[in-house]
Amino acid sequence: MRRLAARGAAGDAGEAAAPAADGSDSAQARSPSPWRLIDLCAIWDTGVFLPSAAWNRASSGVERRRLNAAKKLSSVREVQLKRLEVTRPRGLGNRERGRVPRMARQPAPPWVHTAFLLCLLSLGGAIEIPMDLTQPPTITKQSVKDHIVDPRDNILIECEAKGNPAPSFHWTRNSRFFNIAKDPRVSMRRRSGTLVIDFRSGGRPEEYEGEYQCFARNKFGTALSNRIRLQVSKSPLWPKENLDPVVVQEGAPLTLQCNPPPGLPSPVIFWMSSSMEPIAQDKRVSQGHNGDLYFSNVMLQDMQTDYSCNARFHFTHTIQQKNPFTLKVLTNHPYNDSSLRNHPDMYSARGVAERTPSFMYPQGTASSQMVLRGMDLLLECIASGVPTPDIAWYKKGGDLPSDKAKFENFNKALRITNVSEEDSGEYFCLASNKMGSIRHTISVRVKAAPYWLDEPKNLILAPGEDGRLVCRANGNPKPTVQWMVNGEPLQSAPPNPNREVAGDTIIFRDTQISSRAVYQCNTSNEHGYLLANAFVSVLDVPPRMLSPRNQLIRVILYNRTRLDCPFFGSPIPTLRWFKNGQGSNLDGGNYHVYENGSLEIKMIRKEDQGIYTCVATNILGKAENQVRLEVKDPTRIYRMPEDQVAKRGTTVHLECRVKHDPSLKLTVSWLKDDEPLYIGNRMKKEDDSLTIFGVAERDQGSYTCVASTELDQDLAKAYLTVLGRPDRPRDLELTDLAERSVRLTWIPGDDNNSPITDYVVQFEEDQFQPGVWHDHSKYPGSVNSAVLRLSPYVNYQFRVIAINEVGSSHPSLPSERYRTSGAPPESNPGDVKGEGTRKNNMEITWTPMNATSAFGPNLRYIVKWRRRETREAWNNVTVWGSRYVVGQTPVYVPYEIRVQAENDFGKGPEPESVIGYSGEDYPRAAPTEVKVRVMNSTAISLQWNRVYSDTVQGQLREYRAYYWRESSLLKNLWVSQKRQQASFPGDRLRGVVSRLFPYSNYKLEMVVVNGRGDGPRSETKEFTTPEGVPSAPRRFRVRQPNLETINLEWDHPEHPNGIMLGYTLKYVAFNGTKVGKQIVENFSPNQTKFTVQRTDPVSRYRFTLSARTQVGSGEAVTEESPAPPNEATPTAAYTNNQADIATQGWFIGLMCAIALLVLILLIVCFIKRSRGGKYPVREKKDVPLGPEDPKEEDGSFDYSDEDNKPLQGSQTSLDGTIKQQESDDSLVDYGEGGEGQFNEDGSFIGQYTVKKDKDETEGNESSEATSPVNAIYSLA
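Residues numbered from 1 in each chain as written. Predicted model: local features only at pLDDT ≥ 70, side-chain atom pairs only at ≥ 80, totals over all residues. Heavy atoms only, no water.

A. Expanded view of the state of the cysteines. As enumerated under the stated definition, the model contains six disulfides in all. A sulfur-sulfur distance of 1.7 Å marks the disulfide that ties Cys471 to Cys521. Here the S-S torsion is close to -65°, and the disulfide linking Cys471 with Cys521 is therefore left-handed. Of the two residues, Cys471 sits in the loop between strand 32 (467-470) and strand 33 (472-476) while Cys521 sits in strand 38 (residues 517-525), which places them 50 residues apart along the sequence. Residue classification places Cys471 among the buried residues on the basis of a relative accessible area of 1%. Under the relative-accessibility criterion, Cys521 is labelled buried at 0%. Note on cysteine connectivity: Cys656 is disulfide-linked to Cys705, with sulfurs 1.8 Å apart. Looking down the S-S bond of the Cys656 and Cys705 bridge, the torsion is -75°, so its handedness is left-handed. (Disulfide = S-S within 2.5 Å. Helix = DSSP H or I, 4+ residues; strand = E, 2+ residues; numbered from the N terminus. Buried < 20%, exposed > 50% of the residue type's maximum accessible area, 1.4 Å probe, protein only.)

B. Expanded view of the sheet that holds strand 36 (residues 499-502). Strand order in the open sheet made by the three strands is 32-37-36, with antiparallel pairing throughout. Unpaired on one side and paired on the other, strand 32 and strand 36 mark the two borders of the sheet. On average, each strand axis in the sheet is tilted by 15° relative to the strand beside it, whichever way the strands run. Here four bridges tie strand 36 to strand 37 (residues 505-508), and the two strands are oriented antiparallel to one another. Bridge pairing in strand 37 links Glu500 to Ile507. (Pairing = 2+ DSSP bridges. Axes fitted to C-alpha atoms, helices over the stretch in contact; angles between N-to-C directions.)

C. The arrangement of the pattern of salt bridges in detail. Inspection of the entire model under this criterion finds 57 salt bridges. We note a salt bridge from Arg562 to Asp564, for which the minimum N-O separation is 3.0 Å. Classification of Arg562 as buried rests on a relative accessible area of 5%. Across the pair Arg860 and Glu902 runs a salt bridge whose closest N-O atoms are separated by 3.5 Å. Linking Arg860 in strand 68 (residues 860-867) with Glu902 in strand 71 (residues 894-903), this pair joins segments that are 42 residues apart in sequence. A relative accessible area of 14% means that Arg860 is categorised as buried. (Salt bridge = Lys/Arg side-chain N within 4 Å of Asp/Glu carboxyl O.)

D. Just the confidence of the model for the protein chain, in detail. Residues at a pLDDT of 70 or more form 79% of the protein chain, whose mean pLDDT is 80. Every residue in residues 1-126 scores below 50 in pLDDT, and together they form 301 contacts with partners more than four places removed in sequence or on other chains. Within the model, the stretch residues 1127-1140 combines pLDDT values under 50 with seven contacts to residues more than four positions away or in other chains. (pLDDT = per-residue confidence, 0-100. Contact = heavy atoms within 4.5 Å.)

Here it is in structure tokens:
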């Protein structure tokens, strides 16, 4: 956090309240602009200004700095005050013009420096006489000496003056009287001497060119303006010319001359192509100060455009274009290969001979140059050579003036600003390249037009007083001085015994009223002249005050301030200050009185408050004025905002608590980056804080709290840092270009307060994948230059991405392209494979090489193959793609394969051989000696003999078992006969098939599988799974219609897995942590309801229900009774509501009707089945069920009398075998279980593939009589 403070001061920073004054004072108070200048000096004197964008941004550290006006003035200000004491005219005070807000001390903007210079000129310049007093004329405004005008506008030659009485004006042209009345186009402005020449009715402005001078005259004298040279701006047309093509040898120097038409003022020259594209300039190609275009050495790429010189004329705002030059370059290397551009050995690579430097401008080894003092010195050296020379500048016998010297035009020009005599001497430029160096010496002479050492000032005297006018100037050569009086040479003026001329000084003794006149001093040499007016005025004036009476000045405690008392009188009055009417003069200690009458109070204290009186006295009388001074407490920010670091989207709170004088109105405002802060929707401003919601990157910056009153203000600044992704890198440059490498340099973007950790360099090439960017390499965040390894024959373009902890930047703009030269491939394609897609072919494939491995044009592949171990000759073919198919091959034969890359530059290295195989055919044999052993109710083990390898006709992938559930041992229970499969790796001869249904009949077949498909089926094996435990009862429901009973209901298990023996119900009462005795109830297999009589109306009950077969009890389901009413949860309430609905009469009737309808449908089904009826059979028995068969979705099946009918989901192979498309999980060996779970007896409990409900309601193919128990299952 940075602290800036500012305080107001009396006089220059206070608030003035002036009551109405009398008429004379009002007239005096209307004195014009000089007092305003003095006020501006007062503002400067305190070193404080309002905030502006020019403020320097403070560092983001935690430094706190409080700058207040209680500190002593700086040494610079002390010097300024001393200069005011010396240069300010006696008898002139400083009029207070009211409140000026104070700000923190800081570098002033440029306009303030200008104003201060005007202030010093006013204080040290001509004495100002109040305009109500008689005085000779004074020139206040005039045109510049060299006055260039636009011929399209009217001509205006300014000349204004003041005096009392008001002066009259006349003009001379070319030293002769200019009669304005005779020329209807010329007029003079009213109350002014300004000439207006009007061309609206015709006329040529050139007719009025010449030297003009203005004369302002009243009865006390005549003042003269400068001699104004009037010139009309000219922008002549470029002469038409036909330019022949410029033929030049590559590497030779070339100068294209511009020779613009002479204009007034001189035009601005620049070079462009005829299509208005600017000509790119560098140290090899650049424009000289004379407008010519210089080529230190010509290259082939310079022929790609034409060159036209353009001249822009200032006044007419027109651009004239010269006919373009066409360049023809003779070269030994006709191809403009971009890889050679900016190459270190570019010239030798293009066959250009290297040359030592020689100067194109200026010619020879020495030259001279003259410059006027105060102007800019421009020295220029342009050299040719191969390689392009570098230019360095030196001064003989000393160093270049570092504060004024700067290099331009790629070091070819040296500019020294504001030249002075010590800048004369010998300068030399050194042009050098690796072939040698040369130098050119420039002798600089500094001359000077006249400049003032002591400019004459207005002289105000009382009758009988003495005085002098001094006119001292210097120049080179030394100027001459000529005195004039009222526009006439002093020698021809009437003699004056009170006047004596002594060279550059006129001495006046015992002046009288008749001595009033205007004197002119003209000093000149061959480079120019200076003309100054100074009048001598003889007055008898008693003292008078020039500021409003009884001003109120409010100032801030501990500030340094100044009370001004502007006055006038002749003879010069003396001025004294008094406080609260006391007789002691205020001077010394905390007070200081300047010669101009201002009273400075070095540090304001509370006791300095009061009424101050200034008294001016001369022999003609006295005058006085009063100023009332009030002292106020300073404004202080005692709790300042702190620097903060925030992430995007967070909230930031900046505090600003202020203490101030209660009699002053306080205003708190905020600045962002020294500009007024706009309070948007995301910001909230309170009296003592600022809150920013949802911080974004644009919120980063300095925040300044400005607490201000009418008199002063205090500032406190904090910096908000927002962490964000880095900005993109910029200005990518390729250097050190070589055949297989290049140096890439970039300028990092702003890291947005999170350090850059990495740079990713990406490249793009325009041959194989144009527009696609690939990662090339990665570098640490501290690096901004890297040498990149390149591949041959790639037209590279690079970009860089910066990475920090927040994220990645946008990619940089791409670099220029760089193409490497070609070469034979250094590698071959990878991932070479040979596989058959048919039984009599082999498809050879590989991964094609990318752009960075092609190394040359026309990349192709030489494919070779031969049968393994036969040592037969290689077959070969050239391919441009990434695959080749070899036809008419034996079945599954190994081949040796080679794929070699080749381009126009040659072949790649000899590739290694890869083994591939021709296409496979279906296996010819099935597994033999298949043995099945039942392990438990859900799993079996298999064992078989291996088939002979020559019968596989391919790669043995696996042995596969197809099995299906033929029927259930429970009567009238429909089962799905969908075929399932289990796979076993080809090196296994045993395995386990799991997840079978207990108490069922199964069939099984085995096949051999290779890459082509299934072989023939083995003989069918049948097996039966033993009885298992049932699954959990379905839809177990607990209802509590009242507090005395609990009703239990459930449905039969989905999978009985055997003959049901009944159900076991276990329940226990519990109340919190207390658990009662467990009760066990056994039910018959047909019972699905039970009612429990509650013995404890408070306790709840936990019920566990399971079904059992002779193997044991199956999976149990657990439910709890609803909570009592006082403990009821929303779920319990919902259950009670459900119970209430179930007891309604309409609901019971509806359920009975539905049950009766279902019973009738089932009876009809049973009757039809008992008569031997079958479901419809497909017309084509050997066609498997397709995916469009609607019964596949609901799990139903069509049955037929054929045993060999393919099952749905299988695929018939060419030799009649069945290829299964999906399989269930299986174990591949004994002890390797699937996902099922087993009971202690090994029976399987879990989910099965038989459809629920709907599948079980389908008919069963058995026509046997059903037992009562199984009939109940089928109804369920």
